[in-house]
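Observations on chain architecture
Spelled out, the chains give:
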Amino acid sequence: MSADRSVLQRAIERGERDGGSIEFKERLTREVHLADGRMESLVAQLRHRVLSGDGEATYVLGVTDDGGLAGIDPDAFTETMDVLSLLADEADAHIADVETWSAGSAGNGNTDGLVGLATLREGGMFEADDDHLVVGTAGHVDHGKSTLVGTLVTGRADDGQGGTRGFLDVQPHEIERGLSADLSYAVYGFDDEGGEPVRMDNPHRKSDRARIVEEADRLVSFVDTVGHEPWLRTTIRGLVGQKLDYGLLVVAADDGPTKTTREHLGILLATELPTIVAVTKADAVSDDRLAAVEREVESMLRDAGQTPLLIERHGIDTAVTEVGDGVVPLLQTSAVTKQGVDALDRLFEALPKRATPEREEFRLYVDRSYKVTGVGAVASGTVNSGTVEAGDELLLGPMADGSFREVEARSIEMHYHRVDKATAGRIVGIALKGVDESEIERGMALVPRDSDPKPVRTFEAEVMVLNHPTRIQAGYEPVVHLETVSEAAVFEPEGGRLLPGDTGRTTVRFKFRPYLIEEGQRFVFREGSSKGVGTVRDVT
């Protein structure tokens, strides 16, 4: 990440003055600094710096021994970080944070070179346990999804203007407009002693999110989707493409269930995701209106073949036992008064982790990619199955031509906290060596290098048409949402056609490129107002 140049200058001045926990390095290379003898000396030096700083040390990179700004090119900076990570691991420490500057902006004419500030902390990289829920939110725009999540992860009451939604991992333009335009993320957790919530103190600091991951014994991550109708495609991506355990559907008490509410409920149920409904903004309406909306929600659930279960009447334990299999717990909430927040806390603390795929092999479908200065290309998504560790050799693809690229997992982060490894259900960013960020596309998969993945362009599926103005015929071209794939496809129904409400077989062919598809995967398809769900039956 880039940062304020004054931070770098203060570190240099402090290092020049009293040394101690601060070390200057121009660059580190595998050939020189990991050689026998030299490596042991550097590990001892790093350990001394960490102990001198009461468990924390600062390494200023791209500078000379006397603190002069030299700057090193991005590839050399990447190798320097790799070597520093290995040294830290040997010294029972880890890199907690990295800030970078161009040497020119830091006061040097070398505009292509980088200087950096790495914070190292005592103790190995945190290894997350298996008890980690991932919850996807859904609901109409302005019904309070992000605001409710913001209140949950911080414990702070909202100001009545949706202020706590800014605590999520959202873009500045989204905060300014008050509307989410892409998936956003948040995390909180619980400790083992009484199941007390572990919340964020300053959600705007990445280090505070990392603290949650480190301190909590159980984690709850939220994938907050988009409520505005034009972004339905993004919402489907969030509900289908992430490894979710539960769905949280919100309905505002001042508005009640809408067409979008029913559409999102349909997607949650079609993907067989156990769902909880929160009636939000309970503080904004009268008791009579609140009761009326609750009855509307119950009616909506019954129309969808579900049995509503009022948490206030039946209790948390019953909701935990019964959720899913046709039962949808329902409760009233307010981010302003914090009504219902304690109940949601107890619910998320008690809900069981859902079963992970039987496949033991690691797989992650890429949802986002980005470039981090000094780190390189990062692929982000939810671990679908198996385990990945830093240093693992992987395959990325398929590319447009069906090939897979050999890459290496340089490092792994979860909610800005570096981890040794990640297992199924983790939302992670994996720094990849061997590929440029521009080559990574949403829908690609990461798998072990010794696996034998097969690109799939055409597959057989069993589909159900939920709604369509006419009949679906050969040549029908919807967008298929499968894992993180969102791709136009051509349907060739068995028998030549499918009518609304029909279930039948069809051949599905992606129009533009292949993907990694396997039998049993569920998907949603959509074209205009028509929608349906399907299951992959044959990829041969």
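Bear in mind the structure is a predicted one, so any value in this text is a computation, not a measurement.

Scored by pLDDT, the protein chain comes out at a mean of 82, with 81% of its residues at no less than 70. In the model, residues 105-110 has pLDDT below 50 throughout and makes 15 contacts with residues more than four positions away in sequence or in other chains. The low-confidence segment residues 227-231, where pLDDT is below 50, has 15 contacts with residues more than four positions distant or belonging to other chains.

Bridge analysis of strand β25 (residues 479-482) against strand β26 (residues 485-493) gives four bridges, and the strand direction is antiparallel. Within the sheet, the bridge partner assigned to His481 lies in β26 and is Ser486. With antiparallel pairing between neighbouring strands as the criterion, β25 and β26 make up a hairpin whose turn holds two residues, including Glu483 at a positive phi of roughly 50°. Both β25 and strand β29 (residues 522-527) contribute to a ladder of three bridges, which runs antiparallel. Bridge pairing in β29 links Val480 to Phe525.

Using the criterion set out here, one finds 22 salt bridges in the structure. Glu298 serves as the salt-bridge partner of Arg302, at 3.7 Å between the closest nitrogen and oxygen. Taken together, the residues span about one helical turn, with Arg302 and Glu298 both in helix α10 (residues 287-303) at a distance of four residues. When the shortest N-O distance is used, the salt bridge between Glu406 and Arg449 registers 3.6 Å. Of the two residues, Glu406 sits in strand β18 (residues 405-414) while Arg449 sits in the loop between β22 (445-448) and β23 (458-467), which places them 43 residues apart along the sequence. The class of Arg449 is partly exposed, set by a relative accessible area of 25%. Where salt bridges share partners, they join Arg27, Arg30, Glu79, Asp82 and Arg410 into one cluster.

This part takes up the pairing of strand β2 (residues 56-61). Counting buried positions along β2 yields five of six residues, so the element is predominantly enclosed. The sheet contact formed by strand β1 (residues 22-25) and β2 spans four bridges and is parallel. Among the inter-strand pairings, Phe24 is bridged to a residue of β2, identified as Val60. With six bridges connecting them, β2 and strand β4 (residues 114-122) associate as antiparallel partners. Opposite Leu61, over in β4, you have Gly116 as the bridge partner.

Calculation rules
- Residues numbered from 1 in each chain as written.
- Predicted model: local features only at pLDDT ≥ 70, side-chain atom pairs only at ≥ 80, totals over all residues.
- Heavy atoms only, no water.
- pLDDT = per-residue confidence, 0-100.
- Contact = heavy atoms within 4.5 Å.
- Pairing = 2+ DSSP bridges.
- Helix = DSSP H or I, 4+ residues; strand = E, 2+ residues; numbered from the N terminus.
- Salt bridge = Lys/Arg side-chain N within 4 Å of Asp/Glu carboxyl O.
- Buried < 20%, exposed > 50% of the residue type's maximum accessible area, 1.4 Å probe, protein only.

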